[in-house]
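# Reading the structure
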Amino acid sequence: MSKMIDLRSDTVTLPTDEMREAIANAELGDDVFQEDPTVNKLEAEASKIMGKEAGLLVPSGTMGNLVSVLVHCERGTEIIVGDKSHTFYYEAGGISAFGGIHSRQLTNQLDGTIKLSDIKSAIRVDNIHFPRTSAITLENTHNLCNGSPLGPKYLGEVAKIAHDNEMQLHIDGARIFNAAVAQGLDVKDLITDADSVTFCLSKGLSAPVGSIICGNEEFIYNARRIRKALGGGMRQAGIIAAAGIVSLEKMIDHIREDHNNTQILVEGISKIEGLVVDKKNIKSNILYFDIEKGRERSLELVIQTANKDLYPFDIILDDIHFLETSPNRFRLVTHYGIKHEGVERTLMVLERMID
Ligand SMILES: Cc1ncc(COP(=O)(O)O)c(C=O)c1O
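So, here's what we can say about the structure. (Residues numbered from 1 in each chain as written. Predicted model: local features only at pLDDT ≥ 70, side-chain atom pairs only at ≥ 80, totals over all residues. Heavy atoms only, no water.)

### Topic: the pairing of strand 13 (residues 329-333)
Among the 5 residues that make up strand 13, 4 are buried, leaving the element largely enclosed by the rest of the structure. Of the strand pairs in this sheet, strand 10 (residues 286-291) and strand 13 are connected by 5 bridges, and their pairing is antiparallel. Looking across to strand 13, one finds that Ile-286 is bridged to Val-333. Here strand 12 (residues 320-326) pairs with strand 13 via 3 bridges, running antiparallel. Within strand 13, the position partnered with Leu-323 by the bridge is Arg-331. Hairpin connection, strand 12 to strand 13: the antiparallel pair is bridged by 2 residues, and Asn-328 has positive phi, about 65°. (Buried < 20%, exposed > 50% of the residue type's maximum accessible area, 1.4 Å probe, protein only. Helix = DSSP H or I, 4+ residues; strand = E, 2+ residues; numbered from the N terminus. Pairing = 2+ DSSP bridges.)

What follows is the structure in structure tokens.
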């Protein structure tokens, strides 16, 4: 059988040969004692790239967001989140379960932004009936909003509102390098005004495990204690960090190719009768497309999806693997494991989705 072309997510990327070699040869120590030289190197490189004072390796993006929010928000305070944000949707309610933090969900526009006027009017006035608004979190790129990148002007405006109101701004930058590449910017420009950022090594950057949080020294000092409390203090974590260093040094440039592949898919899908894709708003490595209203799915697709109604679920057509995320809406994500031939093949197979 030919190898599957797995477009479900960029989290499916496997470590490169160079990463495997770096893992095998990594210098190690006890990272809870802050004595793992490879982790220390990764955290130093990451914070330099992000233009922040310090960095902290955590096992996942979910833990990175949780730790950051727990540092910024006292129990019983409120955080502003997008109603389509990963933190609100897909992080198992961790901020309220473990932090007692109340979430205020504001509408995410199609481009992943939250209207400034919505943010301003959601900030609580000082009144004993209300929780205090302690922070806001933005997602860049925005997964559920077509992988949209947020720009520096908007981010600066949100930061100003936050800081004028004694609130902190956290960026869920799981794919912050995709946001930078999509806009031709240095990644620093996207977090200059933010108080913290989480980014993932294990998505477009292909490392097997790990995310990094960056912020000032005091923030990272507090984050380290919370990471420990959550059980995220890892010992010889240089095993993970070694691959992360390869991610930072070698994999960022590759993201451009993923974005080019996405554009080829967008162009191709827009020519398939019965499929609809929002050409204008797809700018990174995530694309959603729909079956046009009134069109029937092919018998092959009907058989494949019969009795499936718990979204998202997997679609496998021959060697192409992707997701149906809601009725008649599908997601493709490009990454290091997807080559040009895979893109061409995907377009051929997608033609078979419609009767
Ligand atoms: C925008 C965003 N934030 C956070 C995460 C969480 O990352 P992890 O799967 O490493 O917990 C994801 C995962 O897909 C994501 O898409």
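### Examining the site of the ligand
Near the ligand, the surroundings consist of Ser-60, Gly-61, Thr-62, Asn-65, His-86, Glu-91, Glu-139, Asn-143, Asp-172, Ala-174, Arg-175 and Lys-203. Expressed as a share of its isolated accessible area of 390 Å², the protein-covered part of the ligand is 84%. Here the shell around the ligand gets 3 residues from one element, more than from any other, and that element is helix 3 (residues 61-72). Split by residue class, the shell around the ligand holds 1 nonpolar, 6 polar and 5 charged. (Near = heavy atom within 4 Å. Areas by Shrake-Rupley, 256 points an atom, 1.4 Å probe, with all protein chains shown as cover. Nonpolar A, V, L, I, M, F, W, Y, C, P; charged D, E, K, R; others polar.)

### Regarding the pattern of salt bridges
In the structure shown here, the tally under the stated rule is 23 salt bridges. Put simply, Arg-235 and Asp-30 hold a salt bridge, and the shortest N to O gap is 3.1 Å. Taken together, the positions of Arg-235 in the loop between helix 9 (217-229) and helix 10 (238-251) and Asp-30 in the loop between helix 1 (17-24) and helix 2 (37-50) put the pair 205 residues apart, joining distant regions of the chain. In this structure Arg-235 comes out as partly exposed when scored by relative accessible area, which is 38%. Residue Arg-329 pairs with Asp-290 through a salt bridge whose shortest N-O separation is 2.8 Å. You can see Arg-329 sitting in strand 13 and its partner Asp-290 sitting in strand 10, a full 39 residues away along the chain. Residue Arg-329 is classed as partly exposed on the basis of its relative accessible area, which comes to 25%. (Salt bridge = Lys/Arg side-chain N within 4 Å of Asp/Glu carboxyl O.)

### Points about the packing of helix 1 against helix 10
Relative to each other, helix 1 and helix 10 sit at 140°, their axes nearing to 8 Å. Pair helix 1 / helix 10 crosses with right-handed handedness. Seen from helix 1, the contacting residues are Glu-18, Met-19, Ala-22 and Ile-23; seen from helix 10, they are Ile-239, Ala-242, Ala-243, Val-246, Ser-247, Lys-250 and Met-251. In the contact of helix 1 with helix 10, the residues fall into 8 nonpolar, 1 polar and 2 charged. (Axes fitted to C-alpha atoms, helices over the stretch in contact; angles between N-to-C directions. Left-handed = near helix turned anticlockwise from the far one by under 90°. Contact = heavy atoms within 4.5 Å.)

### Some points on the sheet that holds strand 2 (residues 54-58)
Taken together, 7 strands build an open sheet; the order of strands is 2-8-7-6-5-3-4 and the sheet is mixed. Strand pairing shows two members of the sheet lacking a second neighbour, strand 2 and strand 4 (102-106), which therefore form its edges. Neighbour to neighbour, the strand axes of the sheet diverge by 20° on average, direction disregarded. Inspection of the sheet shows strand 7 (residues 196-200) paired to strand 8 (residues 211-215) by 5 bridges, in the antiparallel sense. Looking across to strand 8, one finds that Val-197 is bridged to Cys-214.

### Quick look at the packing of aromatic side chains
Scanning the entire structure with this criterion turns up 7 aromatic pairs. Ring plane angle 90° and centroid distance 5.4 Å describe the contact between Phe-177 and Phe-199, whose orientation is recorded as edge-to-face. Of this pair, Phe-177 sits in helix 8 (residues 176-183) while Phe-199 sits in strand 7, and the two are 22 residues apart along the sequence. Exposure remark for Phe-177: the relative accessible area of 6% places this residue in the buried category. Residue classification places Phe-199 among the buried residues on the basis of a relative accessible area of 1%. Their ring planes at 35° and their centres at 6.4 Å tell us that Phe-289 and Phe-322 sit as a pair that is tilted. Placement of the pair is Phe-289 in strand 10 and Phe-322 in strand 12, with a sequence separation of 33 residues. With relative accessibility at 0%, the residue Phe-322 sits in the buried group. Site record: aromatic cluster; members linked through ring pairs are Phe-88, Tyr-89 and Tyr-90. Here the basic side chain of Arg-235 rests over the ring of Phe-33, its NZ or CZ set 5.9 Å away from the ring centre. Over the ring of Tyr-336 we find Lys-339; its NZ or CZ atom is 4.3 Å from the centre of that ring. (Phe/Tyr/Trp six-rings, centres within 6.5 Å; stacked < 30°, edge-to-face > 60°. Lys NZ or Arg CZ within 6 Å of the ring centre and 35° of its normal.)

Interpretation in functional terms is not warranted from these geometric data alone.
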